Amino acid sequence: MIAKVRGTDVGATSRFTGAQDMGFSQDKPMYASGESKYRGARGLDPEFVAQIEKMYGFDKPPLERFWLMIKNYLTFDFGDSYFRDISVIELLKEKLPVSISLGLWSTLLIYLISIPLGIRKAVKDGTSFDLWTSAVIIIGYAVPSFLFAIFLIVLFAGGSFWDLFPLRGLTSDGFDGFTWYHKIIDYFWHITLPVTALVISGFASLTLLTKNSFLEEINKQYVLTARAKGVAKKDVLYSHVFRNAMLIVIAGFPSAVVHIFFTGSLLIEVIFSLDGIGLLGFESAISRDYPVVFSTLYIFTLIGLVLHIIGDLVYTVVDPRIDFDKRAGS
């Protein structure tokens, strides 16, 4: 009601479409200052819309516009943020350390926990160890990371019980004046709760994938043949089964890393007041800061492609029978 009196009321669907109720009916859409062919231009100054069109080459022929876009992306020239008065590339450099910190340590811990645990569950399939770890995994899979984050804050960040860890930020005030070992301690002290929240909710699916992949290989004929010939169980598991079973796990590595680095850390960044790329992309989409939105999407896609290439190269390390050179020659 107050928003209506002030003239700033926004309809429910307008929040998703970017359209604002400027006093005009939805049957006859009009724009704040003059006509525009873009739905997203509602409420924007026509001169600002013209500036956007010029920035992205809409005043040029399609072919010239396309090559201009390719050139800008190859040189990482994303322009300037509309609302932050800083170049987009500098903004990304400023936010990237937070996302790298969360993503790197979360990914490392998730894989260090999930792969050994999945192998152990496959070997101990049907035992009490398999049952109680499956219960823990199901709970971890069912509860989202942000609920774990809130739970950890309540327990360990001064919520209702212990005040052991900081609630916000990646470093303490006066970090630059600390000694090198104090900086390391302070850094890990700050990222403990965010990384723990991401790890608890992220290791479940990878553990089950590893277990099922190893179970499938363990029950194949070549494993039974090797065991019948007297090969030790450990040698069969890590010399034969491991290479074949890990291919599926490696195949899902790129998408898992992109999800952990950016998508999965969005709410974690909000809860722990960590200003990373995930939060930056979300806020830019809400405020229609198009250069930042396009740049974050481009960076996410580029990282995903690079990780796919790395995953293909890791295939040859895990299983030397995979040879891309011979396949290309044939």
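Residues numbered from 1 in each chain as written. Predicted model: local features only at pLDDT ≥ 70, side-chain atom pairs only at ≥ 80, totals over all residues. Heavy atoms only, no water.

Visitor: An account of the overall build of the protein is requested, with residue identities and associated values reported.
Guide: Scanning the protein for helices and strands turns up 15 helices and zero strands. A burial count over the protein gives 34% of its 330 residues as buried. Total accessible area on the protein stands at roughly 20100 Å², and carbon and sulfur atoms take up 65% of it. (Helix = DSSP H or I, 4+ residues; strand = E, 2+ residues; numbered from the N terminus. Buried < 20%, exposed > 50% of the residue type's maximum accessible area, 1.4 Å probe, protein only. Areas by Shrake-Rupley, 256 points an atom, 1.4 Å probe, with all protein chains shown as cover.)

Visitor: Tell me what's going on with the pattern of salt bridges, and back it up with residues and numbers.
Guide: Applying the stated criterion across every chain yields a total of seven salt bridges. Note that Lys95 and Glu94 form a salt bridge whose closest N and O atoms lie 3.6 Å from each other. Take Lys95: its relative accessible area is 4%, and that puts it in the buried class. When salt bridges with common partners are traced through the structure, they connect Lys121, Asp125, Asp130 and Lys211 into a single cluster. (Salt bridge = Lys/Arg side-chain N within 4 Å of Asp/Glu carboxyl O.)

Visitor: Describe in detail the nonpolar core, supporting the description with residues and values.
Guide: Ranked by internal contacts, the top residues of the largest apolar core, which has 38 residues, are Phe214, Val241 and Phe272. Broken down by element, the residue count for this core peaks at 12 residues, all from helix α8 (residues 180–218). When near neighbours in sequence (up to four residues on either side) are disregarded, Val241 contacts Phe214, Glu217, Ile218, Tyr222, Val223 and Val236. One finds Leu92, Ile277, Leu280 and Val292 within the second-largest nonpolar core, a separate group that totals nine residues. (Core = buried A, V, L, I, M, F, W, Y, C linked by side-chain atoms within 4.5 Å. Contact = heavy atoms within 4.5 Å.)

Visitor: Mind laying out the side chain of Asp186, listing which residues take part and the relevant values?
Guide: Following the sequence through the fold, Asp186 ends up in helix α8. Among buried charged residues, Asp186 stands out as having no salt bridge; its nearest opposite-charge side chain is Lys183, 9.8 Å away. For Asp186, the side chain forms a polar contact with the side chain of Ser172, separated by 2.4 Å. Not counting residues up to four positions away in its chain, the partners in contact with Asp186 are Leu170, Thr171, Ser172, Phe175 and Phe178. (Lys, Arg positive; Asp, Glu negative; His and termini not counted. Polar contact = N/O pair within 3.5 Å; in protein donor to acceptor, adjacent residues only side chain to side chain.)

Visitor: A description of the packing of aromatic side chains should follow, citing residues and the corresponding values.
Guide: Counted under the stated rule, the structure contains 18 aromatic pairs. Relative to Tyr298, the ring of Phe76 lies with its centre 5.9 Å away and its plane at 65°, an arrangement referred to as edge-to-face. Here Phe76 is found in the loop between α4 (62–74) and α5 (88–123), whereas its partner Tyr298 is found in helix α14 (residues 290–318), with 222 residues between them in sequence. Taking the relative accessible area as the measure of exposure, Phe76 reaches 34% and is therefore partly exposed. With a relative accessible area of 18%, Tyr298 lands in the buried category. Residues Tyr187 and Phe188 carry aromatic rings whose centres are separated by 5.2 Å and whose planes lie at 75° to one another, so their mutual orientation is edge-to-face. Joined through ring pairs, the aromatic side chains of Tyr73, Phe76, Phe78 and Tyr298 make up one cluster. Across the ring face of Phe129, the terminal group of Arg120 is positioned such that the distance to the ring centre comes to 6.0 Å. (Phe/Tyr/Trp six-rings, centres within 6.5 Å; stacked < 30°, edge-to-face > 60°. Lys NZ or Arg CZ within 6 Å of the ring centre and 35° of its normal.)

Visitor: With reference to specific residues and values, describe a positive patch on the surface.
Guide: A cluster of like positive charges, contributed by Arg120, Lys124, Arg227 and Lys233, occupies part of the molecular surface. By secondary structure assignment, the location of Arg227 is in helix α9 (residues 221–228). (Patch = residues over 30% accessible without salt bridge, like charges linked within 9 Å, V, L, I, M, F, W, Y side chains within 5 Å. Charge placed at Lys NZ, Arg CZ, Asp CG, Glu CD.)

Visitor: Before we move on, can you summarise the packing of α5 against helix α10 (residues 233–251) with the specific residues and values?
Guide: Running from amino to carboxyl end, α5 crosses α10 at an angle of 125°, the nearest separation of the two axes being 12 Å. When the axis of α5 is compared with that of α10, the two are oblique. Seen from above, α5 lies across α10 with right-handed handedness. Contacts between α5 and α10 involve Tyr111, Ile115, Ile119 and Val123 on the former and, on the latter, Lys233, Leu237, Tyr238, Phe242, Met246 and Val249. (Axes fitted to C-alpha atoms, helices over the stretch in contact; angles between N-to-C directions. Parallel < 35°, antiparallel > 145°, perpendicular 65-115°, else oblique. Left-handed = near helix turned anticlockwise from the far one by under 90°.)

Visitor: How would you summarise a nonpolar patch on the surface if you had to cite specific residues and measurements?
Guide: Together, Phe146, Leu147, Ile150, Val154, Phe161, Trp162, Leu164 and Leu267 make up an exposed nonpolar region whose accessible area comes to about 740 Å². With respect to the helices and strands, Trp162 occurs in the loop between α7 (145–156) and α8.

Visitor: Before we move on, can you summarise the side chain of Ser106 with the specific residues and values?
Guide: By secondary structure assignment, the location of Ser106 is in helix α5. For Ser106, the side chain forms a polar contact with the main-chain oxygen of Leu102, separated by 2.6 Å.

Visitor: Summarise the confidence of the model for the protein; cite the residues concerned and give the values.
Guide: Looking at the protein as a whole, its pLDDT mean stands at 77, while 80% of the residues score no less than 70. Mean pLDDT values for the elements of the protein range from 39 in helix α1 (residues 2–6) up to 88 in helix α6 (residues 128–142). Residue range residues 1–34 is modelled with pLDDT below 50. Its contacts to residues more than four positions away, or to other chains, number 25 contacts. (pLDDT = per-residue confidence, 0-100.)

Visitor: An account of the environment of Val98 is needed here, citing residue identities and associated values.
Guide: By the secondary structure assignment, Val98 is in helix α5. The exposure class of Val98 is buried, given its relative accessible area of 9%. For the pair Val98 and Gly169, spaced 71 residues apart in sequence, the C-alpha separation works out to 9.4 Å. For Val98, the contacting residues outside a window of four places in its chain are Leu170, Leu274, Asp275 and Gly276.

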